[in-house]
Amino acid sequence: METIDKENKYVRARERVQELKKFYGNVTSYVFVIAGLAILNYYTTGFGYMWFLWAAFGWGIGIVFHAIKTFDLNPFFGKQWEKRKLEEFMREDEQNNKWK
């Protein structure tokens, strides 16, 4: 039983590390690509019209949602809420099937 718990913890930790790697990769790509677009924008129009901000804004919204998911910042339906609901349903099921 103890080895199964350790394996489960390892799998969960590994999944968490993968989520973090994806998020940090996304942020790194964002920084380099937006910086490149800003440089390209400067050399083409001299910041007369800063069109690179549209890409920065759009991709930035995606990064915000990715961060909310990765760091469990959703106060309504986050992992903690899911855990509480699972425990609640398990308790209810245990009470309902107590005499069966």
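As the structure is a prediction and not an experimental result, all values here were calculated from the model.

## Examining the overall build of the chain
Stage number 1. Within the chain, the regular secondary structure consists of three helices and zero strands.
Stage number 2. For the chain, the sequential pattern of α-helices and β-strands runs α-α-α.
Stage number 3. In summary, the chain has a C-alpha radius of gyration of 22 Å against a globular reference of 13 Å for 100 residues, an excess of more than 25%.
Stage number 4. For the chain, the spread of C-alpha atoms along the three principal axes comes to 75 × 30 × 15 Å.
Stage number 5. Taking all 100 residues of the chain together, the buried fraction comes to 12%.
Stage number 6. Long-range contacts, defined as pairs at least 24 residues apart, comprise 53% of the intrachain contacts of the chain with a sequence gap of at least 6.
Stage number 7. As displayed, the chain offers around 8,700 Å² of accessible surface, 64% of which is attributable to carbon and sulfur atoms.
Stage number 8. Each charge class in the chain was averaged separately, 15 positive and 12 negative side chains, and the resulting centres sit 5 Å apart.

## A short note on the environment of Asn97
Stage number 1. Structurally, Asn97 is set in the segment after helix H3 (79-96).
Stage number 2. Residue classification places Asn97 among the partly exposed positions, given a relative accessible area of 36%.
Stage number 3. Along the primary structure Asn97 and Val31 are separated by 66 residues, whereas in three dimensions their C-alpha atoms are 55 Å apart.

## Examining the confidence of the model for the chain
Stage number 1. Mean pLDDT over the chain stands at 90; residues scoring 70 or higher make up 96%.
Stage number 2. Taken element by element, the chain is modelled with least confidence in H3, mean pLDDT 85, and with most confidence in helix H2 (residues 52-70), mean pLDDT 96.

So, how was this worked out
- Residues numbered from 1 in each chain as written.
- Predicted model: local features only at pLDDT ≥ 70, side-chain atom pairs only at ≥ 80, totals over all residues.
- Heavy atoms only, no water.
- Helix = DSSP H or I, 4+ residues; strand = E, 2+ residues; numbered from the N terminus.
- Rg over C-alpha atoms; globule rule 2.2 N^0.38 Å.
- Buried < 20%, exposed > 50% of the residue type's maximum accessible area, 1.4 Å probe, protein only.
- Contact = heavy atoms within 4.5 Å.
- Areas by Shrake-Rupley, 256 points an atom, 1.4 Å probe, with all protein chains shown as cover.
- Lys, Arg positive; Asp, Glu negative; His and termini not counted.
- Charge placed at Lys NZ, Arg CZ, Asp CG, Glu CD.
- pLDDT = per-residue confidence, 0-100.

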